[in-house]
Amino acid sequence: MRELTDEAAALAEELGGATMLRDHGGGFSPLTVQLHKISAENHAGDPQAALDAARAISLKALPSVERRSRALGDIAVTYDRLGRRSDCVRTLLAAERCAPQETHARPATKSLISSLLASGPTSTELRGLAERSGVLL
């Protein structure tokens, strides 16, 4: 996965860093390759590498609030896997501020919220997010 992701990143840079194929899943660019890397590292079981990948992007550079919210959701998963619960909740709340409907409807985010409710202490903020997202215990 890392070898292929590095190859994709090199190709994106060779193309001048511009977003290509804009109508296909957000396009192909160094930024979208980096977003993919966050998710891929999480799925590969290396949340520290996912966090390193996340630190290499600027959320402001993402082309839509949906993309920002989705990236924040992936970063929240990273924090959860690292055992950084408060950072996870804070990041989920940032995703919600960015794109509430996307955050409330995304199955992966709802699953993460449900897991947080069941796995440890809850805060008013987490309970509110769970309520707004329709997550029930």
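Residues numbered from 1 in each chain as written. Predicted model: local features only at pLDDT ≥ 70, side-chain atom pairs only at ≥ 80, totals over all residues. Heavy atoms only, no water.

Asker: Lay out the overall build of the chain with the relevant residues and their values.
Answerer: Helices and strands together make up the secondary structure of the chain, namely eight helices and zero strands. If you list the helices and strands of the chain from N to C, you get α-α-α-α-α-α-α-α. Reported as C-alpha extents along the three principal axes, the dimensions of the chain are approximately 50 × 25 × 20 Å. Burial status across the chain gives 40% buried among its 137 residues. Looking at the chain alone, contacts between residues at least 24 apart form 50% of all its contacts between residues at least 6 apart. For the chain, the accessible surface area stands at approximately 7700 Å², while carbon and sulfur atoms represent 53% of it. Measuring between centres, the 17 positive side-chain charges of the chain sit 7 Å from its 17 negative side-chain charges. (Helix = DSSP H or I, 4+ residues; strand = E, 2+ residues; numbered from the N terminus. Buried < 20%, exposed > 50% of the residue type's maximum accessible area, 1.4 Å probe, protein only. Contact = heavy atoms within 4.5 Å. Areas by Shrake-Rupley, 256 points an atom, 1.4 Å probe, with all protein chains shown as cover. Lys, Arg positive; Asp, Glu negative; His and termini not counted. Charge placed at Lys NZ, Arg CZ, Asp CG, Glu CD.)

Asker: Quick rundown of the pattern of salt bridges? Include the residues and the values.
Answerer: This model, assessed by the stated rule, comprises eight salt bridges. Notably, a salt bridge pairs glutamate 96 with arginine 132, separated by 2.5 Å at the nearest N-O pair. With glutamate 96 in helix H5 (residues 85-98) and arginine 132 in helix H8 (residues 124-133), this pair connects stretches of sequence that are 36 residues apart. Given the relative accessible area of 43%, arginine 132 is considered partly exposed. Each of Arg2, Glu41 and Asp46 takes part in one network of salt bridges that share partners. (Salt bridge = Lys/Arg side-chain N within 4 Å of Asp/Glu carboxyl O.)

Asker: For the environment of histidine 43, give the residues involved together with the corresponding values.
Answerer: Following the sequence through the fold, histidine 43 ends up in helix H2 (residues 30-44). For the pair histidine 43 and leucine 72, spaced 29 residues apart in sequence, the C-alpha separation works out to 16 Å.

Asker: Please provide a residue-by-residue account of the packing of helix H3 (residues 47-55) against helix H4 (residues 65-81), values included.
Answerer: Relative to each other, H3 and H4 sit at 145°, their axes nearing to 9 Å. Considering only the axes of H3 and H4, their crossing is left-handed. Judged by residue contacts, Pro47, Ala50, Leu51 and Ala54 of H3 engage Ile75, Thr78, Tyr79 and Arg81 from H4. Along the lines of polarity and charge, the residues of the contact of H3 with H4 split into six nonpolar, one polar and one charged. (Axes fitted to C-alpha atoms, helices over the stretch in contact; angles between N-to-C directions. Left-handed = near helix turned anticlockwise from the far one by under 90°. Nonpolar A, V, L, I, M, F, W, Y, C, P; charged D, E, K, R; others polar.)

Asker: Which residues make up the environment of serine 39, and what values go with them?
Answerer: Along the chain, serine 39 falls in helix H2. The class for serine 39 is partly exposed, based on a relative accessible area of 22%. Along the sequence, serine 39 and valine 135 sit 96 residues apart, while their C-alpha atoms lie 23 Å from each other.

Asker: So, the nonpolar core: which residues are in play, and what are the values?
Answerer: Residues Ile38, Cys88, Leu92, Ile113 and Leu116 are the most contacted members of the largest nonpolar core, which totals 25 residues. Looking at this core, the elements with two or more residues in it are H2, H3, H4, H5, helix H7 (107-119) and H8. What isoleucine 38 contacts, discounting residues up to four positions off in sequence, is Ala50, Ala53, Ala54, Ile57, Asp74 and Thr78. (Core = buried A, V, L, I, M, F, W, Y, C linked by side-chain atoms within 4.5 Å.)

Asker: Kindly report on H2, identifying the contributing residues and their values.
Answerer: The terminal C-alpha atoms of H2, which comprises 15 residues, lie 20 Å apart, in line with the 21 Å expected from a rise of 1.5 Å per residue. Taken as a whole, H2 has its buried residues at Leu31, Thr32, Val33, Gln34, Leu35, Ile38, Ala40, Glu41 and Asn42. Within two residues after H2, glycine 45 carries a phi angle of roughly 90°, on the positive side. (Expected span 1.5 Å × (residues − 1).)

All we've got here are geometric facts, nothing functional implied.
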